[in-house]
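Coordinates in review
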Amino acid sequence: MDHDGSMDMGHADHETMGKCVVCGGDLDEKHRLKGGHVHSNMIDDLKKRFWISLIFTVPILALSPTIQELVGLNNSFTFTGDLFLLFILASFVYFYGGYPFFKGFYSEIVSRKPGMDMLISVAITSAYIYSSAVVFGLNGEVFFWELATLIDIMLIGHWLEMRSVMGASQALEELVKLMPKKAHKILTDKSTSDVPLAELQINDHVLVKPGEKVPVDGVILDGNSSIDESMLTGESVPVFKKVGSEVIGGSINGDGSVVVEIKKIGNDSFLSKVISLVEQAQSTKSKTQNLADRFATWLTIIALFGGFITLLIWLYISNFGFEFALERAVTVMVIACPHALGLAVPLVVAVSTSLSARNGLLIRNRASFERSRNLDAIIFDKTGTLTEGKFGVTDTVSLNSEYTADEILKYAASLESYSEHPIAKGVVESAKDRYDVENFKSLPGRGVKGKINQHDVMVVSQAYLKEINNDVTDKSIEKLFSQGKTMVFLTVDNVVVGAIALADIIREESKEAVTNFKSMGIRCIMITGDRKEVAEWVAKEVGVDQYYAEILPEDKAIKIHEIQSEGLVVAMTGDGINDAPALAQADLGIAIGAGTDVAIEAGDVVLVRSNPLDAVYIIKLAKSTYRKMFENLVWGAGYNIFAIPLAAGVLYSVGILLTPAAGVILMSVSTIIVAINSRTLKIQK
């Protein structure tokens, strides 16, 4: 548990994740601290192996009789010992370039989850052993060109996919800028020093100035202020804090400076959460890639079984002898691993990750991202998601004929311009002109006062008016209260002359986003910890299908589970710590980039621009991405469906037999189509 009872989603994930999907290493503290460096080295290694293998592949192709025949250069590079040189070059590519796949093959065998690496290993090993036997006397054709090109294609596929995942995590590191990197630590001589959060210890004292984000969890030792905890609790109204009050890291300090004693560090710190965030980005794996692995498993079975059956049938029904039957069997096993399959998913992953990152859509969990193509309902948090999370003036009411609405706003803004309170900022931003103010004084938790034009002027809450027996009743005021809006009152010489209503400003894009989702047949629901009156007003303004108000953080997750139990695929969009359990529960958690680090950790996708419309784009991208992956896999499968029977010789009786040269052409066409198809992926807006 973290932050006074809210869940530390990132840390919980580490305890259950176990292994890093990217490198297979244990997700211990050392891995979390050095994971980015380790994975970067892995990418460099794949890149190095690809380029070196590619260099060796060039002479392998030039020396291969099949390729010479294909390009019309029969015997052009023939010389004494050419096959032995070909064998040496191919052996280097087989062992050096094939090492990552042999390592993966071993892991798949140990985990009893055969996949792509097993298929690649079977294909290149069959080609290598058979071709080596041909070099040393067996009658047949060499397949060294096949294993070399297959290794090259698979290496670049792995390289592209890992680079795209690392690219997303590097973009996620930019989110560090959304949180303070340093804190004002109070030293023993009462001076302050700016230090990194990682250097703070429990019981250290830090100064939090007006408008700054609270860097740590702790207790106020000195001062008082209104703290904006909307990202943490869902309540849009700032909370007044005084000595002894608890503050939460990530909340925003308001109008006063406070001294905070630190109560939590270590795994609860910002640094640890950022490391966790990057680690999760590196350790995700595509659900469709798993589908490709399952497809590869079946191809492996088909290759081995098909090769064995081909060998037996040709031995039984023909007089061509063992060597011909063996060549057909090996051809089947080699062709069973299409080059296009190695690029089918990685190319789309690379393109979609690049597209999303350029458009401020950071994909952290590809499995959830791709599952969202079947989305039935999307649930929005209110504060900071559908709304901006800051106050603005919605209504100004005159209660005295001598004061117009504009003048009431001018008086209020003149006083509030001296305050750092979020409500004060909302008033100030809504007024154009100011009066000069004398004798300004803040009334903590109540309002402000001062002298304007020789009059005693106050901007205060209704609670304070009741304290001084100066309460006001008016139908227009009651209506605004019923909408859940925050009210402040202007008094001049102790007479209430006007009222100003403020509310969390609704984002301009929210209505358009809801309209778009509805047009896609997706149900729109709002869920919030805020008051029912506020929720009802926002729901009507934005146009959601239904809403739930005054929902506790743990109940948000329960509510999502209830909706999921109806058989619906559900997405959740939120920005606060109170949204973290719900984001984790949803089939797709969409975290707002300007939100808290805990919410970002719990989300599967991060919207850097905090624009609800980006949630629409991410769903459209998920649909397009999955479609491209499926199309690519179909091309890969189509190659096999067509090539394997021909390679086995089912049409030999009518004079049709797939030669290795013809296989090269089919393989190349399939690979080119997959590459071109992947590049056509776009975000529909």
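Residues numbered from 1 in each chain as written. Predicted model: local features only at pLDDT ≥ 70, side-chain atom pairs only at ≥ 80, totals over all residues. Heavy atoms only, no water.

This is how it is decided: UniProt positions are given in the numbering used here, feature names are shortened, and annotations may be inferred rather than shown by experiment.
The name an unreviewed UniProt entry assigns to the chain is Copper-translocating P-type ATPase, from the organism Methanobacterium lacus. What UniProt states about the chain under its Subcellular location (unreviewed entry) heading is, verbatim, "Endomembrane system". What UniProt states about the chain under its Sequence similarities (unreviewed entry) heading is, verbatim, "Belongs to the cation transport ATPase (P-type) (TC 3.A.3) family. Type IB subfamily."

1. Here's the deal with the packing of helix α14 (residues 405-416) against helix α15 (residues 422-429)
Condition: Think of each axis as a best-fit line through the C-alpha atoms, taken over the contacting stretch in the case of a helix, with angles from 0 to 180 degrees between the N-to-C directions. In this text, helices come from DSSP runs of H or I with a minimum length of four residues, and strands from runs of E with a minimum of two, each type numbered from the N-terminal end. Geometric relationships in this document are graded by angle, where less than 35 degrees denotes roughly parallel, more than 145 denotes roughly antiparallel, 65 to 115 denotes roughly perpendicular, and other angles denote oblique. Whether a crossing is left-handed or right-handed is set by the direction in which the near helix is turned from the far one by less than a right angle, anticlockwise for left-handed and clockwise for right-handed. Throughout, a contact is declared for two residues whenever any of their heavy atoms are within 4.5 Å. Residues are grouped as follows: Ala, Val, Leu, Ile, Met, Phe, Trp, Tyr, Cys and Pro are nonpolar; Asp, Glu, Lys and Arg are charged; all remaining types, including Gly, are polar.
One way to put it is that α14 packs onto α15 with a least axis distance of 8 Å and a crossing angle of 130°. With respect to each other, α14 and α15 are oriented oblique. In the crossing of α14 with α15, the sense of the turn from one axis to the other is left-handed. Across the interface between the two elements, Leu 409, Ala 412, Ala 413 and Glu 416 from α14 touch Ala 424, Val 427 and Val 428 from α15. Classifying every residue of the contact of α14 with α15 by side-chain character gives six nonpolar, no polar and one charged.

2. Structural notes on a nonpolar patch on the surface
Filter applied, for reference: Each patch is built from residues that are more than 30% exposed by relative accessible area and take part in no salt bridge. Like charges join if they lie within 9 Å; nonpolar side chains (Val, Leu, Ile, Met, Phe, Trp, Tyr) join within 5 Å. For accessible areas, the Shrake-Rupley method is used with a probe of radius 1.4 Å. Any residue's cover is judged against the shown protein chains and nothing else. Salt bridges are defined by distance alone: a side-chain nitrogen of Lys or Arg within 4 Å of a carboxyl oxygen of Asp or Glu. Each residue is placed in one exposure class: buried if its accessible area under a 1.4 Å probe, protein chains only, is under 20% of its type's maximum, exposed if it is over 50%, and partly exposed if it falls in between.
On the surface, Trp 298, Ile 301, Ile 302 and Phe 305 cluster together to form a nonpolar patch covering roughly 460 Å² of accessible area. Residue class for Ile 301 comes out partly exposed when judged on its relative accessible area of 43%.

3. Thoughts on the packing of helix α5 (residues 116-135) against helix α10 (residues 322-335)
Two quantities define a packed helix pair, namely the angle between the axes and the distance from one axis to the other. In the contact formed by α5 and α10, the axes pass within 8 Å of each other and the chain directions differ by 150°. The angle between α5 and α10 falls in the class roughly antiparallel. Where α5 crosses over α10, the handedness of that crossing is left-handed. Here α5 contributes Ala 123, Ser 126, Ala 127 and Tyr 130 to the contact with α10, which in turn contributes Glu 323, Leu 326, Glu 327, Val 330, Met 333 and Val 334. When grouped by side-chain class, the residues that make up the contact of α5 with α10 number seven nonpolar, one polar and two charged.

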